[in-house]
Every structure is written in structure tokens, then in C-alpha cells.
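Fold and geometry: a report
Each chain, letter by letter, is given below.
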Amino acid sequence: MTDRVYIFDTTLRDGEQSPGATMTHAEKLEIAAMLDDMGVDIIEAGFPIASEGDFAAVSDIARLSKNSVICGLSRANFKDIDRCWDAVKHAAQPRIHTFIGTSPLHRAIPNLDMDQMAERIHDCVTHARNLCDNVQWSSMDATRTEWEFLKRTVDIAIKAGATTINIPDTVGYTAPVESADLIRRLIAEVDGADEVVFATHCHNDLGMATANSLAAVEGGARQIECTINGLGERAGNTALEEVVMAMKVRQDIMPFSTGVDTTKIMGISRRVATVSGFPVQFNKAIVGKNAFAHESGIHQDGMLKNAETFEIMRPTDVGLSETSLVMGKHSGRAALRSKLADLGYELADNQLSDVFVRFKELADRKKEVFEDDLIALMRQNNAEEDRIKLVSMRVVCGTMGPQTCEMTLNIDGADQSVETTGDGPVDSAFNAVKALFAHEGRLQLYQVNAVTEGTDAQATVSVRLEEDGRIATGQSADTDTVVASTKAYINALNRLIVRREKTAVNFDRKSVNYRDAGE
Ligand code: KIV
Ligand code: ZN
């Protein structure tokens, strides 16, 4: 007999809260559709009061999702809860999630004493429950909350009608033994605990989020809150792929089941990495580029004789195909469409036409086109609505600096050219962009990776820009590293402009203090 564990994905809320990971509306809908399709039980689609954009994303996801429960986050006040309900109510299965920080440090922020906070919890859960029959309560920073007070908050929330009780390890402070024990004791000591689902929500500050979540399940939790690739504030949240695969592979000691189709893991992992601009570390468990790579001679020899020598799960279990050599310059549109679908990209005809042109250009320059090349190709943003587009560039470099760059950009429909110098080819190219489109964006991150092997490999480049607290990440790929860098820079700049325009008309998401429970 296996016990069902509900998977609650918060990539679009806690994940999207990581600085620089902001996604566009279309990207959020796309990720939500993938989560819905792969069997995630509950999707936390956003924080509706935070901005008009968050509200629109949660409402649209609520309208479009077919299978999952759609949840929105709200602080413990009526205004947040009402706004959350207005967004999630369109879902076939809506949920309101409301929370307050219950530890001494968090209680000090809204300046509530224990009794006032207890009353607030009662009122807010009751109010939420009058709107929706599916209500989740979270005692934020539960793992640093005094035991008696934590028990009291959980007891009040259950009596007021909460159907799920979440015990977050907000700052990634707990350890597995403690995590299991906390849930076990709450279930044993709080009246009515057996009528609700206990959830675990762990952050990875000490690298223990996955272990803590699984230990909480051992202690009786039946909902794990997690994100794709472990995306999330600071060191991130529990990684969905890790908990799901751990329970699948180690059924002998963790006899729990989930509804997740694990073969969809790789596709969504790549897509989240692309849209969030947070690349997956090479040696990341389950979804890292090296997770199934066997390089040393002894390992390869063992693998050839029997894959189980070094593999505890098959690459196909997580949606990785056996062969990565896929296409060449003679491949047609149908083959490209089908290969991209395997990689998690469903394209409309006009999108396919655009990608097909770029694929042919790449195949002409590169002898072999691998899966990773196609993923890099898909990362390139050629959005019609971009204000700035690269028309052409030429960089002259060598041992006798300074390096020079001639560049033409199309800005708001008009071509403009410039010639600049710089300390290296990339610097000269970035200076050209700055000369043509003046901006205050500061470069926070510049990262280059080779997609595949060989000197004709594509380089994928990530660029993160910051302007007045707004952060935007751009990515691009090209066999020419300087071109890839320039396109990534322009991509980040286009995203920054969108963000700048959005905050001019809406109120800034940052102005809603996530930690502030006040009304
Ligand atoms: O980490 C946390 O405590 C949260 C809550 C809002 C659940 O994200
Ligand atoms: Zn969190």
C-alpha cells in the first residue's frame, strides 16, 4: 500500500520571487500549463495583491488549468484575501493560501502580541473559508516559532476551517530529524489534525531542503511544497524533481506515491531555466547536464556492461532521450517540430517557421546539431515586440587593443549605427549598445557556457541587468561568443524596458512588502 503525497509547486510564486527570475505573463501561462499537464496537484500561481501583473497571471492560470488546484498567496488581511479570491475563483478547483510570520522575529514586524496574532489568524482563516472551501494556512517561520505558540496557531487555523496546514522552514534552518519530529508532534497533539493535510515548505539555505521535506513526509506531512530546479529566494526551495524522484527510486524505504509524470521533468526543467534566466548547475541532482554523464573509463566500462552499475534511475525516467545527436542540415520542419516537442516546446506554425530559419542557419555553421543546441536556439528571444534588435555587428580584436565594434541596432523601427572601442571585444560591443540606447542598467552578471563540445560549439550567455531595484535577465546563444553576449545583453535590456514601463503604470510589486502582515 502506498500513501499519496500531494505535490504543490510554487515555481510561479516563491520561485519567481528570486531576484532576477521574473517571468513574463506568457511564460507564466506556459509553465503553468506544463505543471498542470505533468500531474502537479496544486499550482501556486502567484501573489495576486502584489501587482496587476501577478493578479492577471493568477486569474488566467485559474481559467486555463485543467487538472490542478490553483492557489494564490495572500498575507493575513482581508484585502489580500479578497484580491486572492478574485483571482483564483475562476479555477475549477481554487485554493486561498494565507500566512503570517509567527516566530518572535516575524511577530515583531506587524508588532502584534501573541493574542492579537491568534485573533488575526482566526479572523483571516474564517474570512477565507467563507469565500472558498479549500484554504491553506501557513505559520511562516514555523521552525523558529515557540512550540506552544506554533501549536496554538495551528489549532486556531484548523478550528477556523483551514483544510491544509503548512509548516514552513522559511529560512532553511531546520534539519531532517527535527523536521520529522515537528510534524509528528503537531499531528499527535493538535485536535482535528487528522482531518487536515499537513504540508512542508523548505528553503535550502543549509542544503537540506530535500532531506527536510522527505523527513517531514516521514513525520506525517502529505503535501510537499517545491519548485522546478529548486528555484526560489536565496538558496532556493525544495526541488520538485529531487523529492519526486527520491520517492520513486527509494520506494523500499519511502513507500509514497505522487501524481507526477516523471518523464516530463527534463522538459519543464529546461523551460524554467530558460524563462527564469537561472541556468541549472551542471552537477545538479536529476536535471543537471552531468547527472547522467559517465566520463571516467571505469564508469563507462561498467555502464556498457550493465547500466545499473552506476545508474540508480534511467535517463528516460526523467524524460532524457537515449541519444542526443538529433538533427543536421537536411532535417525538415516535421522532424524539428517533433524533436522540439520531445524537449518540451510546443510551437504554433508561425513560431516553427521562425525557429526553422534559425535552425537552418545554425546547421549550416555547425556540423552536428545536438539537443542542447536546439534548447539554446529556443532560448533566443526574437520577440516582435522588442524595442531593440541587433541588425549587424563587427568586432575587430587582437593583441593590439583597444578592440573596436561597429554596430547597427534597430531601435523602435529605425536603424542606428555607431563605432566604439572597449577593453576586449565584449566590452566594446556592450559599449556600442550603451552608445546607441542610453540606459542606467548596471551589469550584475555575465556568464558564458559552451553548449556542446568542440570549437564550433555554441556559447550560451546570460546577462543580468539591474536598474532602480528592477532586475532583468537575458540569454542568447551563438557559435560566436561576442554575438551571443551582445544578443543576451540586448535581450536583458528589452526585458528591463518592459519592466520599467510596467512599473510606471502599475504599482511596483516591491512596494508590497511580503514580510509585512499589516492591512
Ligand atoms: O517561506 C515561506 O515561509 C513562504 C510562505 C509564504 C509559505 O514562502
Ligand atoms: Zn518560501
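All of these numbers come straight from a predicted model, not from anything done at the bench.

The next subject is the coordination of the zinc ion (ligand 2). Donor atoms from the polypeptide that coordinate the zinc ion (ligand 2) comprise Asp14 (OD), His201 (NE2) and His203 (NE2), at 2.0 to 2.1 Å from the metal. A relative accessible area of 0% means that aspartate 14 is categorised as buried. For histidine 203, a relative accessible area of 4% corresponds to the buried category.

Turning to the sheet that holds strand 13 (residues 388-396), a few remarks are in order. A sheet is described by the order of its strands in space; here 3 strands give the open sequence 13-14-15, paired in antiparallel fashion. Of all the strands in the sheet, just strand 13 and strand 15 (414-422) have a single pairing partner and so form its edges. Strand-to-strand, the axes of this sheet are offset by a mean angle of 15°, without reference to chain direction. One ladder, built from 9 bridges, connects strand 14 (residues 403-411) with strand 15; its direction is antiparallel. In the strand pairing of strand 15, glutamine 403 is matched with glycine 422. On the sheet, helix 16 (residues 425-436) packs against strand 13, strand 14 and strand 15 and is oriented at approximately 140° with respect to strand 15.

In this section: the packing of aromatic side chains. Per the counting criterion, the structure on display carries 3 aromatic pairs. Judged by centre distance (6.2 Å) and plane angle (35°), the rings of phenylalanine 356 and phenylalanine 359 are tilted. Of this pair, phenylalanine 356 and phenylalanine 359 both sit in helix 14 (residues 349-365), 3 residues apart, which is roughly one turn of that helix. Just as phenylalanine 356 is buried, phenylalanine 359 falls in that class too. Summarising the aromatic geometry, the rings of phenylalanine 430 and tyrosine 446 are spaced 5.8 Å apart at their centres and angled 85° between planes, so their arrangement reads as edge-to-face. Of this pair, phenylalanine 430 sits in helix 16 while tyrosine 446 sits in strand 16 (residues 442-450), and the two are 16 residues apart along the sequence. Each residue in the set Phe430, Tyr446 and Tyr489 is aromatic and connected to the rest through ring pairs, giving one cluster. Here arginine 83 stacks its cationic end above the ring of phenylalanine 55, 3.7 Å away from the centre of that ring.

The next thing to look at is the side chain of aspartate 141. Its location among the elements puts aspartate 141 in the loop between strand 6 (135-140) and helix 7 (147-159). Polar contacts involving the side chain of aspartate 141 include one to the side chain of serine 103, which spans 2.7 Å. Those residues in contact with aspartate 141 that lie beyond four places of it in its chain are Ser103, His106, Pro168, Thr170 and Val171.

This paragraph deals with the side chain of glutamine 17. For glutamine 17, the location among the structural elements is in the loop between helix 1 (11-15) and helix 2 (25-38). Given the relative accessible area of 16%, glutamine 17 is considered buried. One polar contact links glutamine 17 to arginine 13, side chain to side chain, over a distance of 3.1 Å. Polar side-chain contacts of glutamine 17 include one of 3.1 Å to the side chain of glutamate 233.

One can find glutamine 403 in strand 14. Look past the residues within four positions of glutamine 403 in its chain and what remains in contact with it is Val396, Cys397, Gly398, Thr420, Thr421, Gly422, Asp423, Gly424, Pro425 and Ser428. Only 3.1 Å separates the side chain of glutamine 403 from the backbone oxygen of glycine 398, close enough to count as a polar contact. Within the structure, glutamine 403 has its side chain in polar contact with the backbone nitrogen of glycine 424 (distance 2.9 Å).

So, about the packing of helix 2 against helix 3 (residues 52-64). For the pair helix 2 and helix 3, the least separation of the axes is 10 Å and the interaxial angle reads 35°. In terms of crossing hand, the pair formed by helix 2 and helix 3 is right-handed. Residue-level inspection shows His25, Lys28, Leu29 and Ala32 of helix 2 in contact with helix 3, the latter providing Gly53, Asp54, Ala56, Ala57, Asp60, Ile61 and Leu64. Here the contact of helix 2 with helix 3 is composed, by residue class, of 6 nonpolar, 2 polar and 3 charged.

What counts as what
- Residues numbered from 1 in each chain as written.
- Chains lettered and ligands numbered in written order.
- Predicted model: local features only at pLDDT ≥ 70, side-chain atom pairs only at ≥ 80, totals over all residues.
- Heavy atoms only, no water.
- Donors = N, O, S within 2.8 Å, 3.2 Å for Na, K, Ca; no water.
- Buried < 20%, exposed > 50% of the residue type's maximum accessible area, 1.4 Å probe, protein only.
- Pairing = 2+ DSSP bridges.
- Helix = DSSP H or I, 4+ residues; strand = E, 2+ residues; numbered from the N terminus.
- Axes fitted to C-alpha atoms, helices over the stretch in contact; angles between N-to-C directions.
- Contact = heavy atoms within 4.5 Å.
- Phe/Tyr/Trp six-rings, centres within 6.5 Å; stacked < 30°, edge-to-face > 60°.
- Lys NZ or Arg CZ within 6 Å of the ring centre and 35° of its normal.
- Polar contact = N/O pair within 3.5 Å; in protein donor to acceptor, adjacent residues only side chain to side chain.
- Left-handed = near helix turned anticlockwise from the far one by under 90°.
- Nonpolar A, V, L, I, M, F, W, Y, C, P; charged D, E, K, R; others polar.

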